[in-house]
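Structural overview for review
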Amino acid sequence: MRSSKILGVGSFVPPKVFKNDDLAQMMDTSDEWISQRTGIKQRHWVEGETTTSDLAYEASIRALEASKTKKEELDMIILATLSPDHEFPGTACFLQAKLGVPGIAALDVRQQCTGFVYGISIADQFIRTGMYKKILVVGSEVHSKGLDRTPQGREVSVLFGDGAGAVVVGACDSVAKANEPHILSTHLHADGSFAKELWIQAPSLAYDGPRLSNEILARGDHFPRMNGKTVFMHAVKRMPEVLVEALKSNNLQIGDVDLFLFHQANLRINEMVGKQLGISEDKIFNTIQKFGNTTAATIPLGMDEAVKAGRLKPGMLVASAAFGSGFTWASFIFRY
Ligand code: UT7
């Protein structure tokens, strides 16, 4: 057995920025409501034909460069998204073609906000067993094309942004020592009995008839729907729980962690998680103000922003946790 480590990180957001006031021109909302309830000030949305694999490609080439890895060295691509380019084949296949690395394994992870952490865990397992040496793990989303901008959808639509983040996970020579860069652990969970609390109903095989029809479109079943309060309530319970689970399994205390990279769904969620665990505010790195919720991309995007801001430096111990649709929740701890 050997450990795995994060070799480098990259990210990309589309250039066009939409501030809360811009949204107030398009739908029945206000900067005051969005800022107070979520902390979001702006988000980036794509234009034209840009897809999830396009953003993933941009983030991936930056991650490859940062990790000094040639694309030909990759053994596998894992791409986490809830906004795939097409229903099939998987978006990882489209990314693989864009990167020009035919033949290597390409896998989609569909665990939404938790997808990147699931992806890291899968990469870690493949590397630990010795099967692969270098794996590209990407979180990428284009939400803007699928949002309901009518009053019925405003609770969801104001939250989401487009963007991508990627890391290259590579093999350590052996089992890493505590002070060496490596992934210490991953913990994954799900409870499908809450699947419909945050979901998109259509297209679906569950209809008595076609997967998509004018009637389905007229009802708006193809837009994401969320029971916000229920999601919030579970997020502030599950994120601390899965962080404590990760710390305990490594015999670590909150104070041992140098930086917390949480999923970015709502600034209030992260503040409540921090308070419950007694984490000092300056150790939580948030990006939701600039990017909104980019689902599978929030953690690698935040990681890259933290590196650029000088907040994440080599040798630091980082704890990361996410919660979202499924419900799914997960954590991982790594030394950078
Ligand atoms: O990453 C996936 C995981 N997602 C999450 O973790 C999200 C979790 N949930 C949340 O972050 C919060 O529940 C929301 C931000 C979605 C909502 O915040 P809230 O404090 O729970 O809002 P609320 O449900 O108490 O607010 C509801 C009110 C309603 O008006 P009335 O009935 O009280 O008059 C809504 O019609 O706010 C109204 N409202 C809006 N007003 C202006 C809902 N959306 C909007 C909007 N602009 N965009």
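Every chain is numbered on its own, with residues counted from 1 as its sequence reads. A pLDDT threshold of at least 70 governs which residues receive local features in this predicted model, and a stricter bar of 80 or more applies before side-chain atom pairs are shown or counted, although totals over entire chains, interfaces and linings include all residues. Side-chain calculation: all heavy atoms of the structure are included, whereas hydrogens and water are not.

**Description of the sheet that holds strand E8 (residues 182-190)**
Quick reminder of the rule: Paired strands are those between which DSSP finds at least two bridges. In DSSP terms, a helix is any run of H or I states spanning at least four residues, a strand is any run of E spanning at least two, and both are numbered starting from the N terminus. An axis is simply a line fitted to the C-alpha atoms; with a helix, the fit covers only the stretch in contact. Between two such axes, the angle follows the N-to-C directions and lies from 0 to 180 degrees. Two residues qualify as a contact provided that any one of their heavy atoms is within 4.5 Å of a heavy atom in the partner residue.
With mixed pairing, four strands are arranged side by side in an open sheet as E8-E13-E12-E11. Bordering the open sheet on either side are E8 and strand E11 (259-262), each of which pairs with just one other strand. On average, each strand axis in the sheet is tilted by 10° relative to the strand beside it, whichever way the strands run. As paired strands, E8 and strand E13 (residues 328-335) are joined by eight bridges and run antiparallel to one another. The residue bridging Ile-183 from the neighbouring strand is Phe-334, located in E13. Docked against the sheet, helix H8 (residues 228-249) engages E8, E11, strand E12 (317-324) and E13, running at close to 145° with respect to E12.

**Observations concerning the domain arrangement of the protein**
Stated formally: All domain edges in this entry derive from an automatic or database-based domain assignment. Buried area is calculated as the accessible area (1.4 Å probe) missing from two parts once they are joined, with the contributions of both summed. Each reported salt bridge corresponds to a side-chain nitrogen of Lys or Arg within 4 Å of a carboxyl oxygen of Asp or Glu. We define a polar contact as two N or O atoms separated by no more than 3.5 Å, with the added condition that, inside protein, one atom must be a possible hydrogen donor and the other a possible acceptor, whereas residues neighbouring each other in sequence contribute only through side-chain atom pairs. Residue classes follow a fixed rule: Ala, Val, Leu, Ile, Met, Phe, Trp, Tyr, Cys and Pro count as nonpolar, while Asp, Glu, Lys and Arg count as charged, and any other residue, Gly among them, counts as polar.
When its domains are assigned, the protein resolves into domain 1 (4-171) and domain 2 (182-335). Buried area between domain 1 and domain 2, both sides added, is near 3800 Å², and the carbon and sulfur share of it is 62%. When the area that domain 1 buries against domain 2 is broken down by residue, the three leading residues are Val-9, Cys-113 and Val-117, summing to 15%. Applying the counting criterion to the domain 1 and domain 2 interface returns two salt bridges. Taken together, the links from domain 1 to domain 2 amount to 21 residue pairs in polar contact (both at pLDDT 80 or more). For the side of domain 1 that touches domain 2, the secondary structure elements donating two or more residues are strand E1 (4-12), helix H2 (31-38), strand E3 (42-44), helix H5 (115-128), strand E6 (134-141), helix H6 (154-157) and strand E7 (163-171). Sort the elements by how many residues they give to the side of domain 1 that touches domain 2 and H5 lands first, with eight residues. Here the side of domain 1 that touches domain 2 is composed, by residue class, of 19 nonpolar, 23 polar and eleven charged.

**Comments concerning the packing of H8 against helix H9 (residues 267-277)**
Definition in use: For this classification, under 35 degrees means roughly parallel, over 145 means roughly antiparallel, 65 to 115 means roughly perpendicular, and everything else is oblique. What makes a crossing left-handed is the near helix being turned counterclockwise from the far one by less than a right angle; a clockwise turn instead makes it right-handed.
Relative orientation of the contacting elements H8 and H9 amounts to 45°, with a least axis distance of 9 Å. One way to sum up the angle between H8 and H9 is to call them oblique. Classified by chirality, the crossing of H9 by H8 is right-handed. Every residue of H9 that contacts H8 at Phe-232, Ala-235, Val-236, Met-239, Pro-240, Leu-243 and Val-244 is listed here: Arg-268, Ile-269, Asn-270, Met-272, Val-273, Gln-276 and Leu-277.

**Let's talk about the layout of surface pockets**
Rules: Cavity means a closed set of points on a 1 Å grid over the protein atoms alone, one where a 1.4 Å probe fits but cannot get out, pocket means an open set with protein on both sides within 12 Å along at least 5 of 7 lines, and lining means a residue has an atom within 4 Å of a point. Grid points are joined across faces, edges and corners, and a volume is the space filled by probe spheres set on the points.
There is about 1100 Å³ of room inside the largest pocket. The wall of the largest pocket is formed by 34 residues, among which Leu-82, Ser-83, Pro-84, Arg-110 and Ile-200 lie closest to the centre. No other element matches strand E9 (residues 198-200), which puts three residues into the lining of the largest pocket. A per-class count over the lining of the largest pocket returns 15 nonpolar, 15 polar and four charged. Split by domain, the lining of the largest pocket shows at least three residues from each of two domains, domain 1 (4-171) and domain 2 (182-335). Estimates place the volume of the second largest pocket at around 450 Å³.

**Some points on the site of the ligand**
Filter applied, for reference: Any residue with a non-hydrogen atom lying within 4 Å of a molecule or strand is treated as near it. Calculation of accessible area relied on Shrake-Rupley with a 1.4 Å probe; when residues are assessed, cover is drawn exclusively from the protein chains displayed. Just a note on the criterion: a molecule sits in a pocket or cavity if more than half of its atoms are within 2 Å of the grid points.
Taken together, 21 residues surround the ligand, and among them Thr-29, Arg-154, Lys-229, Asn-266 and Asn-293 come closest. Lys-229 places a polar side-chain atom, nitrogen or oxygen, 2.5 Å from an oxygen atom of the ligand. In isolation the ligand offers 990 Å² of accessible surface; the protein chains occlude 75% of this area. In this structure the site holding the ligand corresponds to the second largest pocket. Counting only elements with at least two residues in the shell around the ligand, the list comes to H2, H6, H8 and H9. Counting residues per element, the shell around the ligand draws most heavily on H8, which supplies four residues. Per-domain counts for the shell around the ligand show at least three residues from each of domain 1 (4-171) and domain 2 (182-335).

**Some remarks on the pairing of strand E5 (residues 105-109)**
For a regular strand, side-chain orientation follows a simple rule: the groups alternate between the two sheet faces. Which entries qualify depends on this criterion: For the handedness criterion, the strands are oriented away from the viewer, and a crossover whose path from the first strand over the helix to the second runs clockwise is classed as right-handed.
Strand direction decides the pairing type here: strand E4 (residues 76-80) and E5, joined by five bridges, are parallel. Bridge pairing in E5 links Ala-80 to Val-109. One crossover worth recording links E4 to the parallel E5 by way of helix H4 (residues 91-99), and it is right-handed.

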